[in-house]
There are 2 protein chains.
Amino acid sequence: MAKVVCVLYDDPVEGFPNAYARDGLPKLESFPGGQTLPTPKAIDFQPGTLLGSVSGELGLRTFLEGQGHSLVVTSDKDGPDSVFERELVDADIVISQPFWPAYLTAERIAKASKLKLAITAGIGSDHVDLQAAIDRGMTVAEVTYCNSISVSEHVVMMILSLARNYIPSYQWVVKGGWNIADCVARSYDIEGMAIGTVGAGRIGSAVLRRLKPFDVKLHYTDRHRLPEAVEQELAVTFHKTAADMVPVCDVVTINAPLHPETENLFDNAVIAKMKRGAYLVNTARGKICNRDAVARALESGQLAGYAGDVWFPQPPPKDHPWRSMPHHGMTPHISGSSLSAQARYAAGTREILECWFEGRPIREEYLIVAGGKLAGAGAHSYSAGDATRGSEEAARFKT
Amino acid sequence: MAKVVCVLYDDPVEGFPNAYARDGLPKLESFPGGQTLPTPKAIDFQPGTLLGSVSGELGLRTFLEGQGHSLVVTSDKDGPDSVFERELVDADIVISQPFWPAYLTAERIAKASKLKLAITAGIGSDHVDLQAAIDRGMTVAEVTYCNSISVSEHVVMMILSLARNYIPSYQWVVKGGWNIADCVARSYDIEGMAIGTVGAGRIGSAVLRRLKPFDVKLHYTDRHRLPEAVEQELAVTFHKTAADMVPVCDVVTINAPLHPETENLFDNAVIAKMKRGAYLVNTARGKICNRDAVARALESGQLAGYAGDVWFPQPPPKDHPWRSMPHHGMTPHISGSSLSAQARYAAGTREILECWFEGRPIREEYLIVAGGKLAGAGAHSYSAGDATRGSEEAARFKT
């Protein structure tokens, strides 16, 4: 029987709602392109409720305990005295989410001698040292596509909000003012702008599709070129590298996984190649952008705005400069954890566990590492290596 | 020689920027559908700068004074002692914007014996008592299409921001928190939702087009039915009335002009017909929604969110309930006054004035009232009548 350790974010400090804002979720048929939605044999949770926080338990307890497995759920993930680090020692399976990542560094993997499976309840397994997981022969799996559309919606929202200066304008209302000129002195239509995505996979393509009717000029860079028919349909221009693409863009959105080749990609040099007054939206991973270079570019006016919901580490310390830099529109890491997304990744996590316990193969598209190498989605999108360095700083959030 | 009185919003209290956030504006070829952009013979302003506030003067002073006309520009528009009411007495032409409307009530028109032309530098002439303008034989003109796309972008931004709970999530970042569960307990994807527009003219159609790739179900109501080919292209379902449409919608967006038939359309009864937890976005005119019914519906949870940028009167008093009701995402009236839009409506205002002074016809699509009746765009979209009742309350903003 397996011991499963599940790291989830804290329950609401403001308490659970008496009633959720809405009754249920729209019914979807499949993911775009036809990939089937998660297909567990059953679920023990109510879609549209909080599943990703500690007491939600991803809806797994009845299922796991019914089969004789044990489940430990905690939000206490950082530092050597954390519940996660203690429980990890004899865990068989770790489940974590990108929003509140349980960093599986090489040191932690070394301590967890029984660990065979790491599941990301979401997309993006960069919180796992993939090289260490490969060396150990672990399986790493994630719920591919479960929240790609969620994130693409967040990206479009943030592009519009930065360009149109939404949040500062809202704040004038709340303060009792009617300061139109103060609001609109930084407000632009996106119509006619050039918008480029770094990465045109599931999320990046969904962003391009959603932006097309805004009558913008679309650009992309990716290590995999899109089919010619898709390029034509979207009227999107390919560039070999991000550095080639950014000089022509008014808006850049990052929709690529984090791995050693994308880490620190938007540093001083690449940001300097952008147009003055461009907007940068990063819902991919915090480490793809250099923390201090972004803050400086906002202060100098090189960037007109920065938004996104990914940070490093997570949670970021209270004095992280992205909390207070000018002209930002940041959120905590929530774009892929809407109630809509939670229902899908809880179901997908259960699907992976059912396969694992029954000895059935996990869907190829869910695999990141298997059999001692990058596999499935991992082989398509990742590089072997480690992107967890520096994660110990997350413990500073507690203080 | 004519006396022109131009009412514009105040200059920024935070001061003009040393440098604007961006260098210039994207170049557009024409409006969607082929209507030409404004075609003045020349312009005396820099596109991309503040033109709609007092010192911007819509870029008109050199042009008007060069022809021997006089120009008075003021933001002081409300109450019997206002500069506007004093200067109106011998004005030939009044120019105003919907964002900071100079209410031309029947009483004010009666006092302005020389007034022949009222220009709206923007779209929406409900701040003019159209019945009184008809009776007087005035011409009322607006810059049709100048900011329709601007507003449509604002609508999509606000729909996404309400559904995804953007602003409260941003606020957690600024407060130093990482309260994912508090953010996402009210966060939903719009994918799969039913979204309906009241009004499918230039703005409403642009909203539908922009929402289509979000894989939502589209609905509309309008007194003019869209061509069948457009209905099919957008896969949009027609409803005869707003009351018929709202029960099936998760999101309702209002994109109709204000006239006696749309005033107070969203009252207690219509809001009660909406799905519990629906979102309502109104960038059309404040008076289309009942002020207190909206606030009550947010408090009860009947509405999950309300956003928009139109109020009544404008500016709204500091104690207007829409400033403080729960789950709102309001802005001042800015959606149609981005720097991008200002360049177009300043050019369109000049085009109208050139035509007027040279005795050339004003474009049919710019006309609201002419020759003692509704004309042009006015005949298509408005009803004769008065929607200015209650506007005297705007003077309360000063106190």
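Anything mentioned here points back to the structure above.
The sections below set out a description of the structure shown in this document. The shown structure was predicted, so the numbers you read here are calculated from the model rather than taken from an experiment.

### Here we look at the sheet that holds strand 11 (residues 303-308) of chain A
Residue and element names in this part refer to chain A.
Right, on to step 1. The strand order across the open sheet built from 6 strands is 8-7-6-9-10-11, with neighbouring strands paired in parallel fashion. Edge positions in the sheet fall to strand 8 (236-239) and strand 11, since each has one partner strand and no second. Averaged over all pairs of adjacent strands, the angle between their axes in this sheet comes to 20°, without regard to strand direction.
Right, on to step 2. As defined by bridge partners, strand 6 (residues 194-198) adjoins strand 9 (residues 251-254) across 4 bridges and the pair is classed as parallel. In the sheet register, Gly196 faces strand 9, and the bridge partner there is Val252.

### Examining the sheet that holds strand 13 (residues 373-374) of chain B
All names here are of chain B.
Right, on to step 1. Spatial ordering of the open sheet is given by 2-1-3-4-5-12-13, a layout of 7 strands whose pairing is mixed. Each of the sheet's edge strands pairs with one partner strand only, and the pair in question is strand 2 (70-74) and strand 13.
Right, on to step 2. Across 4 bridges, the pairing between strand 3 (residues 93-96) and strand 4 (residues 117-120) is parallel. Looking across to strand 4, one finds that Ile95 is bridged to Ile119.
Right, on to step 3. Across the sheet, helix 13 (residues 339-358) touches strand 3, strand 4 and strand 5 (139-142), and the angle it forms with strand 3 is around 170°.

### Quick word on helix 5 (residues 148-164) of chain A
Residues spaced three or four apart along an α-helix point in a common direction, a consequence of the helix completing one turn every 3.6 residues.
Residues and elements named next belong to chain A.
Right, on to step 1. Relative to the 24 Å expected for 17 residues at 1.5 Å per residue, helix 5 spans 24 Å between its end C-alpha atoms, a close match to the ideal helical length.
Right, on to step 2. Across the 17 residues of helix 5, 17 count as buried, placing the element largely inside the fold.
Right, on to step 3. At the exit of helix 5 stands Asn165, carrying a positive phi of roughly 60°.

### With respect to the packing of aromatic side chains
Residues and elements named next belong to chain B.
Right, on to step 1. Scanning the model with the defined rule gives 14 aromatic pairs over all chains in all.
Right, on to step 2. With centroids separated by 6.0 Å and ring planes inclined at 70°, the aromatic side chains of Tyr103 and Phe312 adopt a geometry described as edge-to-face. Placement of Tyr103 in the loop between strand 3 and helix 3 (106-111) and of Phe312 in the loop between strand 11 (303-308) and helix 13 is noted, with a sequence separation of 209 residues between them.
Right, on to step 3. Exposure remark for Tyr103: the relative accessible area of 5% places this residue in the buried category.
Right, on to step 4. In this structure Phe312 comes out as buried when scored by relative accessible area, which is 18%.

### A look at the pattern of salt bridges
Residue and element names in this part refer to chain A.
Right, on to step 1. In total, this model carries 60 salt bridges over all chains according to the counting rule given.
Right, on to step 2. One salt bridge in this structure joins Arg61 and Glu65, with 2.7 Å as the shortest N-O distance. Of this pair, Arg61 and Glu65 both sit in helix 1 (residues 61-66), 4 residues apart, roughly one helical turn.
Right, on to step 3. The class of Arg61 is partly exposed, set by a relative accessible area of 24%.
Right, on to step 4. A salt bridge links Lys116 to Asp92, with the shortest nitrogen-to-oxygen separation between them at 3.0 Å. Residue Lys116 is located in the loop between helix 3 (106-111) and strand 4 (117-120), and its partner Asp92 is located in the loop between helix 2 (83-87) and strand 3 (93-96); the two are separated by 24 residues in the primary sequence.

### Concerning the side chain of Thr221 of chain A
Right, on to step 1. As for its position among the elements, Thr221 of chain A is in strand 7 (residues 217-221).
Right, on to step 2. Setting aside its immediate chain neighbours within four residues, Thr221 of chain A contacts Thr197, Val198, Gly199, Ala200, Phe238, His239, Lys240, Thr241, Ala242 and Met245 of chain A.

### Quick look at the interface of chain B and chain A
By convention, interface size is frequently given as the accessible area that disappears when the constituent parts associate.
Right, on to step 1. Each partner contributes residues to the interface: chain B has 91 residues there, and chain A has 90 residues.
Right, on to step 2. Together, Arg22, Tyr166 and Trp178 of chain B form the three largest contributors to the area buried by chain B at its contact with chain A, with a combined 12%.
Right, on to step 3. Linking chain B with chain A are 8 salt bridges.
Right, on to step 4. For the salt bridge of Arg22 of chain A with Asp250 of chain B, the shortest nitrogen-to-oxygen distance reads 2.7 Å.
Right, on to step 5. Between the two partners, chain B and chain A, sit 49 residue pairs in polar contact (both at pLDDT 80 or more).

Reading the values: the criteria
- Here the residue numbering is sequential within each chain, running from 1 through the sequence in written order.
- Working convention: letters from A go to chains and numbers from 1 go to ligands, in the order in which they are written.
- Given that this is a predicted model, residues contribute local features only at a pLDDT of at least 70 and side-chain atom pairs are listed and counted only at 80 or more, while totals for whole chains, interfaces and linings are drawn from all residues.
- Note: side-chain values were computed over all heavy atoms of the structure, leaving out hydrogens and water.
- In this scheme, strands are said to pair when DSSP sees at least two bridges between them.
- To qualify as a helix, a DSSP run of H or I must reach at least 4 residues; to qualify as a strand, a run of E must reach at least 2; elements of each kind are numbered from the N terminus.
- A fitted line through C-alpha atoms represents every axis, and for helices the fit uses only the stretch in contact; the resulting angles, taken between N-to-C directions, go from 0 to 180 degrees.
- Contacts are assigned to residue pairs with any non-hydrogen atoms lying within 4.5 Å of each other.
- Expected span, for any helix, means 1.5 Å times one less than how many residues it has.
- Between buried and exposed lies partly exposed: a residue is buried under 20% and exposed over 50% of the maximum accessible area for its type, with that area taken using a 1.4 Å probe on protein chains only.
- Two aromatic rings from Phe, Tyr or Trp, using only the six-membered ring of Trp, form a pair when their centres are within 6.5 Å; if the ring planes differ by under 30 degrees the pair is stacked, by over 60 it is edge-to-face, and anything between is tilted.
- Note on definitions: salt bridges are taken to be side-chain nitrogens of Lys or Arg within 4 Å of carboxyl oxygens of Asp or Glu.
- Buried area: the sum, over both parts, of the accessible surface (1.4 Å probe) that disappears when the two are put together.
- We call two N or O atoms a polar contact when they sit within 3.5 Å, provided that within protein one can donate a hydrogen and the other can accept it, with sequence-adjacent residues counted only if both atoms are side-chain atoms.

Shape is all these values report; function is a separate question.
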